[in-house]
Protein chains: 2
Amino acid sequence: MTLSKQEMPNQNYLFETEQALHYDIKEQVNQLFASSTQATFLEEHIDGITHKFSQDFLTTLDANTNIDLDSLLGKFCESQIPVKPANVESYLKYLGNNVVAHSIHTSSPQFIGHMTSALPCFVRPIAKLMTAMNQNAVKIETAKALSFCEREALAMLHRLIYNLDDNFYAQHIQNNLSTLGILVSGGTVANITAVWCARNASLGPKDEFLGVEKEGLAAALDFYGYKGAAIIGSELMHFSFDKAADLMGIGTHRLIRVPTECNNRVNIQALRQAVAECRAQNLLIIAIVGVAGTTDSGGVDSLAEIAEIAQEANVHFHVDAAWGGPLIFSEQHRHKLAGMERADSVTIDGHKQLYLPIGIGLVFFRDPHIAKAIEKQASYTMRKGSFDLGKRALEGSRPGMALFLHAGLNLIGLKGYEFLIDEGIRKTQYMADRICTMPEFELLAEPDTNLLLYRYIPGQLRELAVKKQLTEIDNQLIDQFNERLQKVQRQIGRTFISRTTKTTTKFGKEVPIIALRAVIANPLTTEEDIDAVLNDQIQIASEIAISDFLKASGKL
Amino acid sequence: MTLSKQEMPNQNYLFETEQALHYDIKEQVNQLFASSTQATFLEEHIDGITHKFSQDFLTTLDANTNIDLDSLLGKFCESQIPVKPANVESYLKYLGNNVVAHSIHTSSPQFIGHMTSALPCFVRPIAKLMTAMNQNAVKIETAKALSFCEREALAMLHRLIYNLDDNFYAQHIQNNLSTLGILVSGGTVANITAVWCARNASLGPKDEFLGVEKEGLAAALDFYGYKGAAIIGSELMHFSFDKAADLMGIGTHRLIRVPTECNNRVNIQALRQAVAECRAQNLLIIAIVGVAGTTDSGGVDSLAEIAEIAQEANVHFHVDAAWGGPLIFSEQHRHKLAGMERADSVTIDGHKQLYLPIGIGLVFFRDPHIAKAIEKQASYTMRKGSFDLGKRALEGSRPGMALFLHAGLNLIGLKGYEFLIDEGIRKTQYMADRICTMPEFELLAEPDTNLLLYRYIPGQLRELAVKKQLTEIDNQLIDQFNERLQKVQRQIGRTFISRTTKTTTKFGKEVPIIALRAVIANPLTTEEDIDAVLNDQIQIASEIAISDFLKASGKL
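Computed from a predicted structure; not experimentally measured.

Each value, and the rule that gives it
- Residues numbered from 1 in each chain as written.
- Chains lettered and ligands numbered in written order.
- Predicted model: local features only at pLDDT ≥ 70, side-chain atom pairs only at ≥ 80, totals over all residues.
- Heavy atoms only, no water.
- Buried < 20%, exposed > 50% of the residue type's maximum accessible area, 1.4 Å probe, protein only.
- Helix = DSSP H or I, 4+ residues; strand = E, 2+ residues; numbered from the N terminus.
- Pairing = 2+ DSSP bridges.
- Least-squares fit on C-alpha atoms with pLDDT ≥ 70 in both.
- Contact = heavy atoms within 4.5 Å.
- Axes fitted to C-alpha atoms, helices over the stretch in contact; angles between N-to-C directions.
- Left-handed = near helix turned anticlockwise from the far one by under 90°.
- Nonpolar A, V, L, I, M, F, W, Y, C, P; charged D, E, K, R; others polar.
- Polar contact = N/O pair within 3.5 Å; in protein donor to acceptor, adjacent residues only side chain to side chain.
- Buried area = accessible area lost by both parts, 1.4 Å probe.
- Salt bridge = Lys/Arg side-chain N within 4 Å of Asp/Glu carboxyl O.
- Phe/Tyr/Trp six-rings, centres within 6.5 Å; stacked < 30°, edge-to-face > 60°.

All names here are of chain B. Buried residues dominate strand S9 (residues 451-456), accounting for six of its six residues. The two faces of S9 match: Leu451, Leu453 and Arg455 on one face and Leu452, Tyr454 and Tyr456 on the other face are all buried. Bridge analysis of strand S8 (residues 441-443) against S9 gives three bridges, and the strand direction is antiparallel. Pairing of Leu443 across the sheet is with Tyr454, part of S9.

See below:
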């Protein structure tokens, strides 16, 4: 796509040529920007081409093409920006052939290995509208109505979580001193923001001390008489907490990962003990984290019990419900989240089970004033007392993603989200039941929500597996086989399942097991699709087995 | 839009009604998701409506409507999520009337007060395509081609900044151990990421010490024998560095803001002294920050001199070129950035002078391995040795914004960006010249790039202003007048200029001056638009003056 060095304009060009080039460039750039009929025509022309890309992309069943990574990366090795604007049509053709063609069909009903899904059809037009409006949510002067619209959407979810009364919301929903929630780019920033608020609130200004914000962590721990700080949660906490502990100067060794039971829930007794040990070691516990939907298996901690411990210890209770939060929409399943309403802060991802595009994380606060602990100002913007949403946020400039959230809550509604959640869990149970009836597979745990861990058992080991007589070496062989199976399946690209390594299976902590990991959230995924994915794995496994046999017998 | 509590479904409903509701919801949700002809029809219907919104929005000249904030926020006070999916047409009508109508026309040629602009027409179709593809750039399994495409676009800008040789790029562009840059949500996360890398690299593992990442900041400073840590830069550093200093446990008091001269560039002598003082106080200097385009005035520090100081002190040199970085495209202006190529890290915003939608920040590293200092892994993803871009990043899941960047670099090209930069600076000079000829205004500083600071001088003070005989009280009156002028102008909404408070004017540090702040980046802004904005201010000022006179004389 780009010009080689030899084609770069030469400084010795004749004056006329330079002039002509300049005029040419000016014309081309103006054409891209102008709000004239000509520009509208160009935009509609581009829209026609990219619309076709989108439609083809959205209707392709395969998970991805079978191009290997080495060939693919070879297509993206140009390090020079082209001198002149590329021809629009050739660039789009290039984009279609090289990028769109080899992207992952995250919305395919048979791509059931990551926390992706088909999205409701309104998100695509809204994406275009959002980009046309190009509001910057950092301040009211660049996001007037959107700032209030965002606050309304956040209040709606806040109410769903905390269920406080009409007066509370009347008082806080559009009060510029209150922060019911913050819209961020994803769950990681949401979790970091929550821990940041918790840290600053617990090491705030006191007497002559100006607080951790101004004086730093070492001085704050010193002033308050702590030997260090810690965050406590399940060993299955998302790795964003490692980032938080590192970034905030706490240190990842002080991210205390408490063992889980084989249902993937944190061991409450061990959690209580971890709290006691921190106290004994004179460590400030910045937050206790409950997980509502672990990334690797969808497990939900016993939030009510954790809330109890946090309350007794007078410690900030954060719930990472990035994945599982939307269970709250379901009358049938919301009991699994009991205790979340006692959290000081809650993370929910908009781009997971709220079925919105990637780039929407949400953090909610029980206390509408806790986020004051991270407030910043600047004279050119973010003025005190203003409605500028960027005053209390890790991020600065950010897009109007609230449009998606507001549209989702209204166009899908409580009952629509309930239906989506219930269906995902129902189909996951279907898959679990299917796996139990198939000799080729072993279910590794009953699913808590809509993530499923299982593995393939090669033929010669099935009897031992059924009799529960697998040795450690057998398990290693099975692990190797499953890793290969997942990689080959991904490479072929017809269907997709992800994999993870589990230490909380029935085999105990000492035997890490490689698990196949299904995530069933896509409303387009049917029982037939689930069967097709499993059958695809059986077929691939048999091909691997035959190829191994031929290799072993010297015939290949 | 939402249903009241009384309309929420009652648990005592008859069984048949519940069933009917469930069926109804199922139909509606499936219609939103299905990849059928019916769904395509619905999507196209929505697209037709939102397309009309976009076109109207993009062709409106006014900066915004004159609705006051109190009336506007009153429209967004619903805290209950509607029970059933809203009717698509009514919702879109609501959205158009309440959100789109009262959003800010950031692309208007007469909205020249913030770092916004009209965008090239290809970004809107690409936004839709990006959302249709919904890749998650965190890992290769959900962003196959896009991961490589992103790396290519980052390498192109890296080369523009650092201008290293072909071999270097051949070695690193698609090497999964190398990180030439990271695409983030904005300049704030870019700056935080740079400081994070610098901190972790300078307090890394040594002997028995496992490094700041694992052991925390207090232990690291202790091990390395420092009394504290600091970041040094100009007093005009962006407030994202306050966030970085707070978040990372350094403390904002240790964010050392060195005075600037009246050209808004950091005083080099004072900077040198700050470094010496940190040394004397036994503080670790994590980074020295050079600013290339201050947020309030567009000033560019003497980067080469700062590079020299950083090199002598053996300290990480970061350049915040969020705004000014793209000056590098301009043969005429890139000399202002001389020294940036010596930076260890550089921030550039895609959504500022790369003319891409909000949500694109970029950080580049001279050393392709420095970002290893922040690397994290997780067993379910982010595997060591993989191409997962999320291994080295503050954020986790994030959208395929690289599509915009890649398209911008190719479809605008080196010369296209040069034209845009040159034009912005040329028109800013035009505005400065106009202001100098108009008695109503006073230019507060010659512009370095394309930001302009000036103020309105009320009639009765003009003579004193010209004679440079304004007293402190006069300046206070002028300040009050300009603050009011800016607020009234914003409220009326025909045109827009922002405001800031400056302490680096000719009046000296002790007299903070309220300045009107113009940002000229929009290619649609013509000389006539600039005249129109200034004339609008003159008209508003005269109306304010008349109203004040009438009030004072008791006639109002």
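A separate point is the relation of the copies chain B and chain A. The relation between the two copies of this chain is a rotation about an axis and a shift parallel to it. Expressed as a screw transformation, the operator carrying chain B onto chain A has a rotation angle of 180 degrees and an axial translation of 0.0 Å, and the superposed copies differ by an RMSD of 0.0 Å. Overall, the copies show the geometry of a two-fold rotation axis. When C-alpha distances to the rotation axis are compared across chain B, the minimum falls at Met248 of chain B, with a value of 2.1 Å. Both copies contact each other with a shared surface, as 100% of the interface residues of chain B are interface residues in chain A too.

At a minimum axis distance of 11 Å, the contact between helix H4 (residues 88-100) of chain A and helix H14 (residues 402-437) of chain B shows a crossing angle of 145 degrees. Two packed elements cross with a definite hand, and for H4 of chain A against H14 of chain B that hand is right-handed. For the pair H4 of chain A and H14 of chain B, contact is made by Val88, Tyr91, Tyr94, Leu95 and Val99 of chain A and by Leu403, His406, Ala407, Asn410 and Leu411 of chain B, respectively. In terms of residue class, the contact of H4 of chain A with H14 of chain B is built from eight nonpolar, two polar and no charged.

For the rest of this paragraph, the subject is the sheet that holds strand S1 (residues 181-184) of chain A. Residue and element names in this part refer to chain A. One open sheet accounts for seven strands, arranged S1-S7-S6-S5-S4-S2-S3; its pairing is mixed. Edge positions in the sheet fall to S1 and strand S3 (255-258), since each has one partner strand and no second. Across the sheet, the mean angle from the axis of one strand to that of its neighbour is 20 degrees, orientation sign disregarded. In this structure, strand S5 (residues 316-320) lies alongside strand S6 (residues 345-349), joined through three bridges in parallel fashion. When the sheet's bridge partners are listed, Asp320 is paired in S6 with Thr347. Sitting on the sheet, helix H12 (residues 268-280) is in contact with strand S2 (228-234), S3 and strand S4 (283-291), with an inclination near 165 degrees to S4.

Another point: the side chain of His114 of chain B. Positionally, His114 of chain B belongs in the loop between helix H4 (88-100) and helix H5 (123-133). A polar atom in the side chain of His114 of chain B sits 2.7 Å from the side chain of Glu141 of chain A. Side-chain polar atoms of His114 of chain B contact the side chain of Arg517 of chain B, separated by 3.5 Å.

The next thing to look at is the interface of chain B and chain A. Opposite the 175 residues of chain B that make contact, chain A presents 177 residues. Across the interface of chain B and chain A, roughly 15,100 Å² is buried in total on both sides, 66% from carbon and sulfur atoms. At the boundary of chain B with chain A, the tally comes to ten salt bridges. Put simply, Arg124 of chain B and Glu43 of chain A hold a salt bridge, and the shortest N to O gap is 2.8 Å.

Looking now at unusual backbone geometry. Negative phi characterises most residues that are not glycine, and trans characterises most peptide bonds. Although it is not a glycine, Asn163 of chain B adopts a positive phi angle of roughly 55 degrees. With respect to the helices and strands, Asn163 of chain B occurs in the loop between helix H6 (144-162) and helix H7 (166-172).

All chains considered together, the criterion is met by 56 salt bridges over all chains. Between Asp56 of chain A and Lys52 of chain A there is a salt bridge whose closest N-O contact spans 2.8 Å. Of this pair, Asp56 of chain A and Lys52 of chain A both sit in helix H2 (residues 37-59), four residues apart, which is roughly one turn of that helix. Linked through salt bridges whose partners overlap, the residues forming this network are Asp47 and Lys128 of chain A together with Asp47 and Lys128 of chain B.

Before going further, it helps to spend a moment on the sheet that holds strand S1 (residues 181-184) of chain B. All names here are of chain B. Taken in spatial order, the seven strands line up as S1-S7-S6-S5-S4-S2-S3 in an open sheet, and their pairing is mixed. Looking along the sheet, the strands with just one partner apiece sit at the ends: S1 and strand S3 (255-258). On average, adjacent strands in this sheet sit at an angle of 20 degrees to one another, irrespective of strand direction.

Let's shift gears to the packing of aromatic side chains. Applying the stated criterion to the full structure yields 24 aromatic pairs over all chains. Judged by centre distance (5.7 Å) and plane angle (80 degrees), the ring pair of Phe441 of chain A and Tyr456 of chain A falls under edge-to-face. One end of the pair, Phe441 of chain A, is in strand S8 (residues 441-443); the other, Tyr456 of chain A, is in strand S9 (residues 451-456), with 15 residues separating them in the sequence. Here Phe441 of chain A falls in the buried class, since its relative accessible area comes to 6%. When the centroid spacing of 4.6 Å and the interplanar angle of 10 degrees are considered together, the rings of Phe209 of chain B and Phe223 of chain B count as stacked. Of this pair, Phe209 of chain B sits in the loop between helix H8 (187-202) and helix H9 (212-215) while Phe223 of chain B is found in helix H10 (residues 217-224), placing the two residues 14 residues apart along the sequence. Note on Phe209 of chain B: relative accessible area 5%, which makes it buried. One aromatic cluster is present, formed by Phe441, Tyr454, Tyr456 and Phe481 of chain A through successive ring pairs.

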